[in-house]
Each structure stands twice: as C-alpha cells, then as structure tokens.
Amino acid sequence: MKTPRRVFVTLVACVALSACADPVVEPASPGPTGGPVTSTPSPDPSVTPSDPTAPTGPAPTSPGAATLTGTVQAGVEPGCLLLDGNLLVGGPRDVLKAGARVTVTGHPQPDLMTTCQQGTPFVVETAKPA
C-alpha cells in the first residue's frame, strides 16, 4: 500500500520541479530564404565601445524615449531600484545606486515581467549622475 503512495508523491514532486525548469528552446525555423532565422541581441548601452574610431557624444535614444531625473531609491526586493515610481531595468550599476541623484534616458515597458514587486518597469538606455 505504501509503494503506490510513494510513486505518486515522487511523480508529483518531479512534475512540480520540472515546472520550475528553464523552458525548452526549439530549433530556429527556416526563414523566407530557407536559412534559419536568427536574432542578434541588442548591445548593452552601459558598455562603452572599445573601437577608438567609434563616435563619441550622447548615445542615440529610441523613439518614445523619456528622460527622468531624481534620486534613486532601493526597492523592497534585493537589487531593485526605483526612480519616481519607475523600476529601473538595466543601466550601469556603478551609476545607479540607492541614494544617487541621476538622470536616466529610456522607455517605460509596463508589460515587462520582473521579480521586483513595485514600480513600472523603465528600460534604461543611458544613465549619468545629475
């Protein structure tokens, strides 16, 4: 009688653990030319290009970009930073620290899922001390 119960408990534990696992990544489907479709990750705006011929000056901003200035506050979850009710996602962590007065440029992305339980996600493109 104990064996079926153990099997059931083990099966339930395996199903619960597999639900927490990384999603399965399927191979890329062929594109319109027959080759696989690939995507290129966007460059991290907090990384400075190492190419000495790269243009300097303000970084280009995306359409719909907004600029916020204020004092960064720590969120209730570890590693979460807020600025005027916006959850700062990305950006240089040497500039974005709790208590720092900063100016950030980026765009709100309210549909972005995060582990931080407060603020509207704001994807940071550039950040500098104010």
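Residues numbered from 1 in each chain as written. Predicted model: local features only at pLDDT ≥ 70, side-chain atom pairs only at ≥ 80, totals over all residues. Heavy atoms only, no water.

Brief notes about the overall build of the protein chain
Note the threshold: By the criteria applied, helices consist of DSSP H or I runs no shorter than four residues and strands consist of E runs no shorter than two, each listed in order from the N terminus. The buried label goes to any residue with under 20% of its type's maximum accessible area, the exposed label to any with over 50%, and the partly exposed label to all in between, with areas taken from a 1.4 Å probe on protein chains only. Every residue pair with non-hydrogen atoms within 4.5 Å of one another is taken to be in contact. Note on areas: these come from Shrake-Rupley sampling with a 1.4 Å probe, and a residue is covered only by the protein chains present in the view.
Helices and strands together make up the secondary structure of the protein chain, namely one helix and six strands. Taking all 130 residues of the protein chain together, 21% fall into the buried category. Long-range contacts, defined as pairs at least 24 residues apart, comprise 55% of the intrachain contacts of the protein chain with a sequence gap of at least 6. Carbon and sulfur atoms make up 61% of the accessible area of the protein chain, which totals about 9800 Å².

Considering the nonpolar core
Stated formally: The definition of a nonpolar core used throughout is a set of buried Ala, Val, Leu, Ile, Met, Phe, Trp, Tyr and Cys residues joined through side-chain atoms within 4.5 Å.
Formed by L68, V72, L81, L83, L88, V95, L96, V102, V104, F122, V124 and A127, the largest nonpolar core amounts to twelve residues. Residue contacts for L81: discarding those within four places in its chain leaves V72, Q73, A74, G75, N86, L87, L88, R93, L96, K97 and A98.

Some details on the sheet that holds strand β3 (residues 81–83)
Applied cut-off: Pairing between strands is defined by DSSP: at least two bridges between them are needed.
Taken in spatial order, the six strands of this open sheet run β1-β5-β6-β4-β3-β2, and their pairing is mixed. Sheet topology places β1 (66–71) and β2 (73–74) at the edges, where each strand pairs with a single neighbour.

Quick notes on the state of the cysteines
To keep things clear, this is the line we draw: When two cysteine sulfur atoms lie within 2.5 Å, the pair is treated as a disulfide.
Enumeration according to the criterion identifies one disulfide in this entry. Each disulfide pairs two cysteine sulfurs, and for C80 the partner residue is C116, the sulfurs being separated by 1.8 Å. Looking down the S-S bond of the C80 and C116 bridge, the torsion is -85°, so its handedness is left-handed. With C80 in the loop between β2 and β3 and C116 in the loop between β5 (101–108) and β6 (120–129), the pair connects residues that are 36 residues apart, well separated along the chain. Classification of C116 by relative accessible area gives buried; the value is 17%.

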